[in-house]
Every structure is written in C-alpha cells, then in structure tokens.
Amino acid sequence: MSSTDLLEKPDVRDSDTGDANEVFHYVRKNKIAESAVMGTLVEALCGEVFPVTKSPKPGSPVCPACKEIYEQLRKD
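This text gives an overview of the structure that appears in the document. (Residues numbered from 1 in each chain as written. Predicted model: local features only at pLDDT ≥ 70, side-chain atom pairs only at ≥ 80, totals over all residues. Heavy atoms only, no water.)

Thoughts on the environment of Lys 57
Quick reminder of the rule: We count a stretch as a helix when DSSP gives it H or I for four or more residues in a row; a strand needs E for two or more, and each element gets its number in order from the N terminus. With a 1.4 Å probe rolled over the protein chains alone, any residue whose accessible area is under 20% of its type maximum counts as buried; one over 50% counts as exposed, and the rest are partly exposed.
Mapping Lys 57 onto the fold places it in the loop between strand S4 (49-51) and helix H2 (64-75). Look at Lys 57 and you get exposed, because its relative accessible area is 62%. Each C-alpha atom of the pair Lys 57 and Phe 24 lies 9.6 Å from the other, and the pair is 33 residues apart in sequence.

Things to note about the nonpolar core
Quick reminder of the rule: Residues belong to one nonpolar core when they are buried, are Ala, Val, Leu, Ile, Met, Phe, Trp, Tyr or Cys, and are joined through side-chain atoms within 4.5 Å. Residue contacts are defined here by distance: any two heavy atoms, one from each residue, within 4.5 Å place the two residues in contact.
In this structure, Tyr 26, Val 27, Ile 32, Val 42, Ala 44, Phe 50, Val 52, Cys 63, Cys 66 and Tyr 70 together form the largest nonpolar core, which totals 10 residues. Broken down by secondary-structure element, the contributors of at least two residues to this core are strand S2 (24-28) and H2. Excluding residues that lie within four positions of it along the chain, Ala 44 makes contacts with His 25, Tyr 26, Val 27, Phe 50 and Cys 66.

Let's talk about the state of the cysteines
We count it as follows: Cysteine sulfur atoms that come within 2.5 Å of each other are treated as a disulfide pair.
Per the counting criterion, the structure on display carries 0 disulfides. Summary of cysteine pairing: Cys 46 is not part of a disulfide, and the nearest cysteine sulfur, belonging to Cys 66, is at 3.6 Å. Here Cys 46 falls in the partly exposed class, since its relative accessible area comes to 29%.

Notes on the packing of aromatic side chains
Test applied: Two aromatic rings from Phe, Tyr or Trp, using only the six-membered ring of Trp, form a pair when their centres are within 6.5 Å; if the ring planes differ by under 30 degrees the pair is stacked, by over 60 it is edge-to-face, and anything between is tilted.
Applying the stated rule across the entire model yields 1 aromatic pair. Centroid distance Tyr 26 to Tyr 70: 4.5 Å. Interplanar angle 10°. Geometry classified as stacked. Pair noted here: Tyr 26 is in strand S2 and Tyr 70 is in helix H2, with a separation of 44 residues, a long-range link. Relative accessible area serves as the criterion here: at 10%, Tyr 26 is assigned to the buried category.

Structure follows, in structure tokens:
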C-alpha cells in the first residue's frame, strides 16, 4: 500500500456533541468517490465505518489510531 492509496476523511456521526469531537480518518482513496456519490460506507484504517460526507481542511484533527497505522504502513 502506498501513501497515494489513502486520504483523510471525516468520521461524521449524528450526535449532540457538535463538531468539537470530529476527527478525520484515513480511508482507501478508491472508495471515497463511491461513498460520496452512492452513500456507501467506508472503513478507516482504525476500523471505524462511516459514510464520506466531508473533506478535511488543512490542520483538521486526525484519528490517532489511523495516524499510527498509516505511519507503520509507510515504513514498510
């Protein structure tokens, strides 16, 4: 898996917490468009499953588990 195969995407949940707890996850790039158009779910590196509904902005918080897994993949 290369670094071009992954992009950060949000874990968006319906909750009362607002955007304060929103983090962005790493998911396979080829699944992002399908999810955004068809509403299908994607699975992040950390195992979270969610529909893609937003794109990250620079400086957006990244899921610590996804980041750790991604860093390990880059070392291989």
